[in-house]
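Summary of structural features
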Amino acid sequence: MLEDSNIYVLNTWNKRKKEKEKDQGKITTGSNKLDEESSAKSIESNEPEKQSVSGITLPKRLPDQIRKLRGLLIAKRGSIKRNHKVWTVKGDQNKEYQVKFDKMKGFSCNCPDSEHRITCCKHVYAVEAFEDGSELPPKDELSSKLRELEEQHEEASKFTQNWSAYNTYQCTEKEALYKILDEICEFLPEYQQGNGRPKTPPKDSTFCSVAKVYSMLSGRRFDTDVRYLHEKGYIQSHVHYNTILNCMKSSELESWLQYLIDITGLPFVNVENIFAVDSSGFSTSVTDTWYEHKYQVKKDERIWMKCHIMAGLDSKIITAAKVTQHRVNDNIPFSDLIYRTAERFNIEEISADKAYSSKSNIELIRKLGAEPFIPFKNNLTGKSRGVSEWAEEYRKFVNNKAEFSKHFGNRNKVESVFNMMKSKFGVQLKSRDEQALINEVLCKVLCHNICVLIHEVNENNVELQPMYQYGIMDNKEGGVCASD
Ligand SMILES: [Zn+2]
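Just so you know, these numbers come straight off a predicted model, no measurement behind them.

1. Describing the overall build of the protein chain
Per the secondary structure count, the protein chain includes 18 helices and 11 strands. The buried share among the 484 residues of the protein chain stands at 46%. Sequence separation of 24 or more characterises 67% of the internal contacts of the protein chain that already satisfy a separation of 6 or more. Total accessible area computed for the protein chain in this model is approximately 25,500 Å², and 47% of it derives from carbon and sulfur atoms.

2. What about the nonpolar core?
Soluble globular proteins tend to pack their nonpolar side chains together in the buried interior. Core analysis: the largest hydrophobic core is formed by 85 residues, its most contacted members being Phe207, Ile309, Met310, Phe334 and Leu446. Ranked by residue count, the leading element in this core is helix α18 (residues 434-459), at 14 residues. Excluding its chain neighbours within four sequence positions, the residues that come into contact with Phe334 are Val277, Ala352, Tyr356, Asn361, Leu364, Ile365 and Ile374.

3. Some words on the sheet that holds strand β3 (residues 80-83)
An order of β3-β4-β5-β6 is seen for the 4 strands of this open sheet, with the pairing classed as antiparallel. Strands at the two margins of the open sheet, each flanked by one partner only, are β3 and β6 (106-109). Neighbouring strand axes in the sheet, compared pairwise and without regard to direction, differ in orientation by 20° on average. Here β3 runs beside strand β4 (residues 86-90); their pairing, made up of 4 bridges, is antiparallel. The residue of β4 that forms the bridge with Arg82 is Trp87.

4. Details of the packing of aromatic side chains
In total, this model carries 7 aromatic pairs according to the counting rule given. Each ring, one from Tyr178 and one from Phe207, has its centre 5.9 Å from the other, and the planes form 45°; the classification is tilted. Of this pair, Tyr178 sits in helix α8 (residues 173-185) while Phe207 is found in helix α9 (residues 202-215), placing the two residues 29 residues apart along the sequence. What makes Phe207 buried here is its relative accessible area of 0%. Arranged with centres 5.5 Å apart and planes meeting at 20°, the rings of Phe207 and Tyr234 form a pair that is stacked. Of this pair, Phe207 sits in helix α9 while Tyr234 sits in the loop between α10 (223-232) and α11 (241-248), and the two are 27 residues apart along the sequence.

5. Comments concerning the packing of helix α13 (residues 331-342) against helix α14 (residues 359-367)
For the pair α13 and α14, the least separation of the axes is 11 Å and the interaxial angle reads 5°. With respect to α14, the element α13 is oriented roughly parallel. Of α14, the residues touching α13 (which contributes Asn331, Phe334, Ser335, Ile338 and Tyr339) are Asn361, Leu364, Ile365 and Lys367. When the residues that make up the contact of α13 with α14 are grouped by side-chain class, the tally is 5 nonpolar, 3 polar and 1 charged.

6. Side note on the pairing of strand β5 (residues 96-102)
Direction of pairing for β4 relative to β5: antiparallel, over a ladder of 5 bridges. Looking across to β5, one finds that Val86 is bridged to Lys100. Counting the residues between successive antiparallel strands, the hairpin from β4 to β5 contains 5 residues, one of them, Gln93, with a positive phi of roughly 50°. Note: β5 against β6, 4 bridges, orientation antiparallel. Counted as the bridge partner of Lys100 is Ser108 from β6.

7. Digging into α10
For α10, the complete set of buried residues consists of Asp225, Val226 and Leu229. Down the axis of α10, the buried side of the element spans an arc of 105°, and every buried residue falls inside it. The secondary structure elements touched by the buried residues of α10 are α8, α9 and α11. Phi for Gly233, located one or two positions after α10, is positive at around 90°.

8. Structural notes on the state of the cysteines
Enumeration according to the criterion identifies 0 disulfides in this entry. There is no disulfide at Cys451, and the cysteine sulfur nearest it, in Cys447, is 6.6 Å away. A residue is classified by how much of its surface remains accessible, and Cys451, at 7% relative accessible area, is buried.

9. A few points about the confidence of the model for the protein chain
Note that predicted coordinates carrying low pLDDT should not be read in detail. Scored by pLDDT, the protein chain has a mean of 76; 70% of the residues are at 70 or more. Note that pLDDT drops below 50 for residues 1-15; the model gives that stretch 58 contacts with residues more than four away or on any other chain. The model gives residues 26-60 a pLDDT under 50, and that stretch makes 52 contacts with residues more than four places away or in other chains.

10. Some words on the pattern of salt bridges
Applying the stated rule across the entire model yields 10 salt bridges. Notably, a salt bridge pairs Asp262 with Arg344, separated by 3.4 Å at the nearest N-O pair. Taken together, the residues span a long stretch of sequence, with Asp262 in helix α12 (residues 251-265) and Arg344 in the loop between α13 and β10 (349-351) at a distance of 82 residues. Residues Asp262 and Arg344 agree in their burial class; the two are buried. Through salt bridges with shared partners, a single network forms among Asp182, Glu186 and Lys203.

11. Thoughts on the coordination of the zinc ion
For a metal with four tetrahedral donors the ideal donor-metal-donor angle is 109.5 degrees, whereas six octahedral donors ideally subtend 90 or 180 degrees. Protein coordination of the zinc ion is provided by Cys109 (SG), Cys111 (SG), Cys121 (SG) and His123 (ND1), with donor distances spanning 2.0 to 2.3 Å. Between the 4 donor atoms coordinating the zinc ion, the angles at the centre fall across 107 to 112°, so the site counts as tetrahedral. Along the chain, the residues donating to the zinc ion are arranged with the sequence spacing C-x1-C-x9-C-x1-H. You can see Cys111 sitting in the loop between β6 and α4 (112-116) and its partner Cys121 sitting in the loop between α4 and α5 (122-132), a full 10 residues away along the chain. For the pair Cys111 and Cys121, one class covers both residues: buried.

How each quantity is defined
- Residues numbered from 1 in each chain as written.
- Predicted model: local features only at pLDDT ≥ 70, side-chain atom pairs only at ≥ 80, totals over all residues.
- Heavy atoms only, no water.
- Helix = DSSP H or I, 4+ residues; strand = E, 2+ residues; numbered from the N terminus.
- Buried < 20%, exposed > 50% of the residue type's maximum accessible area, 1.4 Å probe, protein only.
- Contact = heavy atoms within 4.5 Å.
- Areas by Shrake-Rupley, 256 points an atom, 1.4 Å probe, with all protein chains shown as cover.
- Core = buried A, V, L, I, M, F, W, Y, C linked by side-chain atoms within 4.5 Å.
- Pairing = 2+ DSSP bridges.
- Axes fitted to C-alpha atoms, helices over the stretch in contact; angles between N-to-C directions.
- Phe/Tyr/Trp six-rings, centres within 6.5 Å; stacked < 30°, edge-to-face > 60°.
- Parallel < 35°, antiparallel > 145°, perpendicular 65-115°, else oblique.
- Nonpolar A, V, L, I, M, F, W, Y, C, P; charged D, E, K, R; others polar.
- Arc of directions from axis to C-beta.
- Disulfide = S-S within 2.5 Å.
- pLDDT = per-residue confidence, 0-100.
- Salt bridge = Lys/Arg side-chain N within 4 Å of Asp/Glu carboxyl O.
- Donors = N, O, S within 2.8 Å, 3.2 Å for Na, K, Ca; no water.
- Tetrahedral: all angles 85-135°; square planar, octahedral: opposite > 155°, others 65-115°.

Structure representation (structure tokens):
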């Protein structure tokens, strides 16, 4: 059912691309993601981009300016005492904090602001002003400037999330998900109906499987929803719950889901070029009995599934996913994920954690023309043994840890992809069959991608246009999902 008025999206990329280029134009070279975010809400564009405090270069952002002004006010009050290289600063509510100086690390403070965030707190600013000794502006001037900045900051943080849009699309997410799912499932193959019992079309069984996982209901309890889907015209017939359960056990569904995950990634082809790889577990209720030779005993072990993903870090879209049993080494699906992503995306950077640190992985990333950011395991050295990339990477890692960790820090975002997925669609899998477990996780991945699309549409006001207008899917008959 593709009514023109109802057709949803998949044209997010042009607008996002434009925005991204605009952002990049604004940013001077060498600035990191933090600067990028702050310059997006930039209120202080006429100020110098960076400032140097105690030997560390910090991005200059609004909260930092506020801290500095508060520091100046403390210095103006004169509530600082010096004892050798330790300064006692009296902060709010007469609490006292110790600021210390170390030749290597510069200033440090024991207040919560300083300890929990890597930042220069107001007490350090106060000590700097105190030591500098130059004349400070009058107190009134400082307080009025501070008030002004605090108001600006409050205003700016109000707009970080558009709550009314957020509420609206959260309330209508399910319907929006159905519409997108309906549109992309149109690209699945159709069965040639023979003489026997009519088969459920792949579109219907796939649609129901994904919608069932999204609902987190059991097959029988999902039956009411199936009736709704049929009444609304998303599926051709009322699919029996056993049919859905059988579909979940089929390897065909796995290839169809992979295909749909590919499609949902396509709108981001021109936007994403920085990626990260990670894996995370989903628990099951299935136990596996195995024989431990060493102690000659039988052991029961709860199995869990491992989901390996590669995600674009700008939108958090999953560009490739692979589900395995938990004993599978992380390195095995790694090349699969990368090749699958490289088929469609222009990869510039890939970050991953220590588990993926191996010569062959680095070689592979280099071969694709991308830059790897994978930290070295503690027991490894830079001895290349024929792989020059490895030695080069090791040098990069050792010589420039700060620069490295800036890029590597991006990897945290891939962990938030798993957090989003697990908190929304659950971490406990319902299926018992191994293939069904794989499909269930892939359904969650697909649901995540569709929710990312819905988010783009609603929060970034992207215009909705039918996907097939962009000639994405000419290969309906060929390729990944040939029917039997
Ligand atoms: Zn402090």
